[in-house]
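Here are the chains, one letter per residue:
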Amino acid sequence: MRTRLALFLIILFPLGFVAQAQQNEEELEVRYNQYGVKVDRQKLQAEARDGILVFESKNENYKLWLDTRVQADAAAFWGVEDGYDPIGNGAKIRRARFAIKAQITPSWYGEIDTDFGSGKFELKDAIIGYTGLKNWTFRGGNFKEGFSMESTTSSRYLALMERPMVVSAFAPSRHLGIEAEYAKGAFRSTLGMFFQSIEDSEVAEYVDDNNKDFGRSQGYSYTYKVNYMPQSKDKTMGLHFGAAISYRTPKTDVSTSEFGTSRYSVRNGTSINRKKYIDTDLIRDVQHDLLYGYELAGYAKGFGFQSEFIGNKTKVKSFTNEDNLSDKHFKGWYAYAGYMLFGGKQNFNRGEGEFTMPSRGRSWGDIELLFRYDYLNLNSQNILGGSGANFTVGLNYWINKNVKVVLNYQYSNNDRYANGKGKLKVGYNAEGKPTSDYKEMTKDAGVNYHMLALRMEINF
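Residues numbered from 1 in each chain as written. Predicted model: local features only at pLDDT ≥ 70, side-chain atom pairs only at ≥ 80, totals over all residues. Heavy atoms only, no water.

1. Comments concerning the overall build of the chain
Assigned secondary structure in the chain consists of five helices and 24 strands. Counting all 460 residues of the chain, 42% fall into the buried class. Once local pairs closer than 6 in sequence are excluded, the contacts in the chain between residues at least 24 apart make up 63%. Of the roughly 24600 Å² of accessible surface on the chain, a fraction of 57% belongs to carbon and sulfur atoms. (Helix = DSSP H or I, 4+ residues; strand = E, 2+ residues; numbered from the N terminus. Buried < 20%, exposed > 50% of the residue type's maximum accessible area, 1.4 Å probe, protein only. Contact = heavy atoms within 4.5 Å. Areas by Shrake-Rupley, 256 points an atom, 1.4 Å probe, with all protein chains shown as cover.)

Right under this line is the structure:
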């Protein structure tokens, strides 16, 4: 027995020595990148987390994951009165997003996000982030300005298919800039300085042409926002209050002939109907725009609501038109409420001040019922861009954490100025002026219509 044990130890000892030597050799093996610089190495483990591919180091200091999204939409329209341009039904890929995100170290974060939904490349996010100071986050690059909670909410978690008109018209989206965020307890605030938008090759060419041909500076914006959430530690219910302001000078991300102008326009709640009925057209000789907004949201178990008011003052000083000297004031608001019908719960992202994916109440998923009213008014002084309201009912079928089906019915009611340059059947006299019955015919006239829209969405 002793002889066998001794023989076993004699065989095992060299094998263990060789294995240890091989391990040490692998650990000491040097690798270089394509530039000839020695690199640090660490093994990664791959996992599918809620259908998202994630690579992460054992110490969790490094993590890389994919963020891909497809939204396929279809919509039908009816009810447009005779005399106005018809609206074509259709379908499209609303979004085809591909993003790579990485936590390089516990303090440094990077992201690049693209979209091919329109059939051409479009840059979304390109972010460098730092979280090395307690309660502080700093970011630079191209990303959404922290102005509106509905604007910063990811498109995967939108309550209805499209954002409200006032948000689409006013709330600044992605721009090149820097931003600082402070968050502690129930309080959160952001302050950023932003420049031009970076979307695609056309916008890049506008910026280059304005610089090359006219030596124009790119313009700038300052955006500040503050949020407060009492009961911020309660995950089952809560309230959210917010206020924001943004000072904005003209940018060079427009054609050279449109520099120094502002234009506010919007589609009525769908990307398939390409007509913009509510539209100020170009407002020239703009010194700056001032945006301000207020937001209120809340949730309790399966119920949630959200609302925002956004106003705008456009400061002009006309050198060519004395009638254009007065400031322009535009505004709008929206409110919606939703309820999970089969026991699900609303979830609120306190760290970013916005709603996120709800919890489902059944093994087969859950259905969310929503109602929304949104209003926008672009009539001010001599600018008659039109006003309108949308009444929307929505059903969201949350099948699982990756797949959602959305059904929206919407009625759009616009005033007489929001006619999308439609062709009213009005007679004209010999001087080319409308006949006497023109005012009566246009007193209540506007482009009003119904929409039924469907979306299929997958996130992976």
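2. Examining the pattern of salt bridges
Between side chains of opposite charge, a pair can form when the charged atoms approach closely. Tallied over the entire structure, the rule returns 26 salt bridges. Between Glu-181 and Arg-139 there is a salt bridge; the shortest N-O distance is 3.1 Å. In this pair, Glu-181 sits in strand β10 (residues 174-184) while Arg-139 sits in strand β9 (residues 136-144), placing the two residues 42 residues apart along the sequence. Across the pair Arg-188 and Glu-181 runs a salt bridge whose closest N-O atoms are separated by 3.3 Å. On the accessibility criterion, Glu-181 (9% relative accessible area) is buried. Here the residues in one salt-bridge network are Asp-67, Arg-69, Lys-101, Glu-111 and Arg-156, joined through shared partners. (Salt bridge = Lys/Arg side-chain N within 4 Å of Asp/Glu carboxyl O.)

3. Things to note about the side chain of Glu-111
As for its placement among the helices and strands, Glu-111 is situated in strand β7 (residues 108-115). Residue class for Glu-111 comes out buried when judged on its relative accessible area of 12%. Looking at Glu-111, its side chain comes within polar contact range of the side chain of Tyr-109, at 2.6 Å. The residues contacting Glu-111, other than those within four sequence positions of it, are Ile-100, Lys-101, Asp-125, Ala-126 and Ile-127. (Polar contact = N/O pair within 3.5 Å; in protein donor to acceptor, adjacent residues only side chain to side chain.)

4. Considerations on a nonpolar patch on the surface
A contiguous nonpolar patch, built from Trp-78, Phe-371, Val-393, Leu-395, Leu-407, Tyr-409, Leu-452, Leu-454 and Met-456 and spanning about 780 Å² of accessible area, is present on the exposed surface. Mapped onto the nonpolar patch, the elements with two or more residues apiece are β22 (383-398), β23 (403-414) and β24 (449-459). For the nonpolar patch, the leading source of residues is β24, giving three residues. Looking at where Trp-78 falls in the secondary structure, it is placed in strand β5 (residues 63-78). Judged by its relative accessible area of 41%, Trp-78 is partly exposed. (Patch = residues over 30% accessible without salt bridge, like charges linked within 9 Å, V, L, I, M, F, W, Y side chains within 5 Å.)

5. Notes on the nonpolar core
Core analysis: the largest hydrophobic core is formed by 44 residues, its most contacted members being Phe-170 and Leu-376. Of all the secondary-structure elements, those providing two or more residues to this core are β5, α3 (165-170), β16 (286-300), β17 (303-316), β18 (328-340), β21 (366-380) and β24. Here this core takes five residues from α3, the largest share from any one element. Once residues within four sequence positions are removed from consideration, Phe-170 is found in contact with Tyr-264, Leu-291, Ile-310, Asn-312, Phe-330, Lys-331, Gly-332, Leu-376 and Leu-378. (Core = buried A, V, L, I, M, F, W, Y, C linked by side-chain atoms within 4.5 Å.)

6. As for a negative patch on the surface
Residues Glu-199, Glu-202, Glu-205 and Asp-208 make up a contiguous surface patch of negative charge. Assignment of secondary structure puts Glu-205 in helix α4 (residues 201-214). (Lys, Arg positive; Asp, Glu negative; His and termini not counted. Charge placed at Lys NZ, Arg CZ, Asp CG, Glu CD.)

7. Focus: α4
In a regular helix each residue adds 1.5 Å, so 14 residues correspond to 20 Å; α4 covers 20 Å between its end C-alpha atoms and thus fits that length. Residues Val-203, Val-207 and Asn-210 constitute the buried set of α4. Along the axis of α4, the buried residues cluster in a sector spanning 65 degrees; they form a single face. Structural note: α4 exposes Ser-201 and Lys-212 on the side pointing more than 90 degrees away from its buried face. Regarding α4, its N-cap is Asp-200, as a side-chain oxygen of that residue lies 3.2 Å from the backbone nitrogen of Glu-202 further along. (Expected span 1.5 Å × (residues − 1). Arc of directions from axis to C-beta.)

8. Some thoughts on the pairing of β23
Judged by which residues are buried, β23 turns out to be one-sided: Lys-404, Val-406, Asn-408, Gln-410, Ser-412 and Asn-414 face inward and are buried, whereas Val-403, Val-405, Leu-407, Tyr-409, Tyr-411 and Asn-413, on the alternate face, are not. Sheet topology note: the β22/β23 ladder contains eleven bridges and is antiparallel. Within β23, the residue paired with Gly-388 across the bridge is Asn-414. In sequence, β22 turns back onto β23 through a hairpin of four residues. Sheet analysis places β23 next to β24, joined by ten bridges and oriented antiparallel. (Pairing = 2+ DSSP bridges.)

9. Focus on unusual backbone geometry
Unusually for a residue other than glycine, Asn-135 sits at a positive phi of about 75 degrees. Mapping Asn-135 onto the fold places it in the loop between β8 (122-130) and β9.

10. Things to note about the confidence of the model for the chain
Averaged over all residues, the pLDDT of the chain is 88; the fraction at 70 or higher stands at 86%. Of all the helices and strands in the chain, helix α5 (residues 438-442) carries the lowest mean pLDDT, 44, while β9 carries the highest, 98. Note on residues 421-430: pLDDT under 50 across the span, and 25 contacts to partners over four residues away in sequence or across chains. (pLDDT = per-residue confidence, 0-100.)

11. Points about the packing of aromatic side chains
For the coordinates displayed, the defined rule picks out 24 aromatic pairs. Aromatic pair Tyr-299 and Phe-348: ring centres 5.6 Å apart, planes at 10 degrees, arrangement stacked. Here Tyr-299 is found in strand β16, whereas its partner Phe-348 is found in strand β19 (residues 348-349), with 49 residues between them in sequence. With centroids separated by 6.3 Å and ring planes inclined at 80 degrees, the aromatic side chains of Tyr-299 and Phe-355 adopt a geometry described as edge-to-face. With Tyr-299 in strand β16 and Phe-355 in strand β20 (residues 354-355), this residue pair connects regions lying 56 residues apart in the sequence. The residues Tyr-299 and Phe-355 share a single accessibility class, namely buried. Ring pairing ties together the aromatic residues Trp-136, Phe-138, Tyr-182 and Phe-187, which thus form one cluster. Over the ring of Trp-65 we find Lys-63; its NZ or CZ atom is 4.8 Å from the centre of that ring. Looking at Arg-216, its charged tip hangs above the ring of Phe-214, at a distance of 4.1 Å from the centre. (Phe/Tyr/Trp six-rings, centres within 6.5 Å; stacked < 30°, edge-to-face > 60°. Lys NZ or Arg CZ within 6 Å of the ring centre and 35° of its normal.)

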